[in-house]
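# Summary of the model geometry
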Amino acid sequence: MKKVAIIMGSDSDLPVVRKTAGILRQFGVPFETHVYSAHRTPEEAKSFALSARENGFGVLIAAAGMAAHLAGALAAATTLPVIGIPCSSGLPGGLDALLSTVQMPSGIPVATVAVDGGTNAGILAVQILAVTDPALAVQLSEKRARDAAAVLKKDAAAAEHILES
Ligand code: RP5
């Protein structure tokens, strides 16, 4: 199976990427994590992206805050799909990182998830790998069914709670 790379701009982004790592573990997807910054260690970030395909990666995930050009910088150096997670470490709500990550000029796409959306970044990476991996696709369907069942349980509990109060 192809690996997923989780790259964060700083170790202060760890709380967000922990959610991503949790999802990948849940699906048994192999992954590596690195701290590479687009502005503090640009050579390392570029070199990782340039060799990612030959090193067995299928998807790159980039988590960064503030002027968050990490995802775009990685995407410029690979044709693998890049998922961007804007982190809320700068302006309130992470608006700076959201716009820096999502507003990529035409030709170099970054699939951007919600601000601090580490969970969805993991799920999207699994969905990309599942295009050519039927067993992963089955696991995704099972997770959807489990998640739906959990919501229905909450629905029933909420109705019961209202009747009791
Ligand atoms: C970005 O700047 C990082 O991704 C982080 O979200 C933010 C702050 O970094 P630190 O100053 O905490 O290292 O590059």
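This text gives an overview of the structure that appears in the document. (Residues numbered from 1 in each chain as written. Predicted model: local features only at pLDDT ≥ 70, side-chain atom pairs only at ≥ 80, totals over all residues. Heavy atoms only, no water.)

### Topic: the overall build of the protein
Counting its regular elements, the protein contains six helices and five strands. By the burial criterion, 41% of the 165 residues in the protein qualify as buried. Residue pairs at least 24 apart in sequence account for 68% of intrachain contacts in the protein once pairs closer than 6 positions are excluded. Accessible surface computed for the protein: about 8,900 Å², of which carbon and sulfur atoms make up 60%. Charge centroids of the protein, computed over 13 positive and 14 negative side chains, lie 4 Å from each other. (Helix = DSSP H or I, 4+ residues; strand = E, 2+ residues; numbered from the N terminus. Buried < 20%, exposed > 50% of the residue type's maximum accessible area, 1.4 Å probe, protein only. Contact = heavy atoms within 4.5 Å. Areas by Shrake-Rupley, 256 points an atom, 1.4 Å probe, with all protein chains shown as cover. Lys, Arg positive; Asp, Glu negative; His and termini not counted. Charge placed at Lys NZ, Arg CZ, Asp CG, Glu CD.)

### A closer look at the sheet that holds strand β2 (residues 31-35)
Here we have five strands laid out as an open sheet, ordered β2-β1-β3-β4-β5, and parallel in their pairing. In this open sheet, the two edge strands, each paired with only one partner strand, are β2 and β5 (111-112). The pairing of strand β4 (residues 82-87) with β5 spans two bridges and is parallel. By the bridge assignment for β5, isoleucine 83 is matched with alanine 111. (Pairing = 2+ DSSP bridges.)

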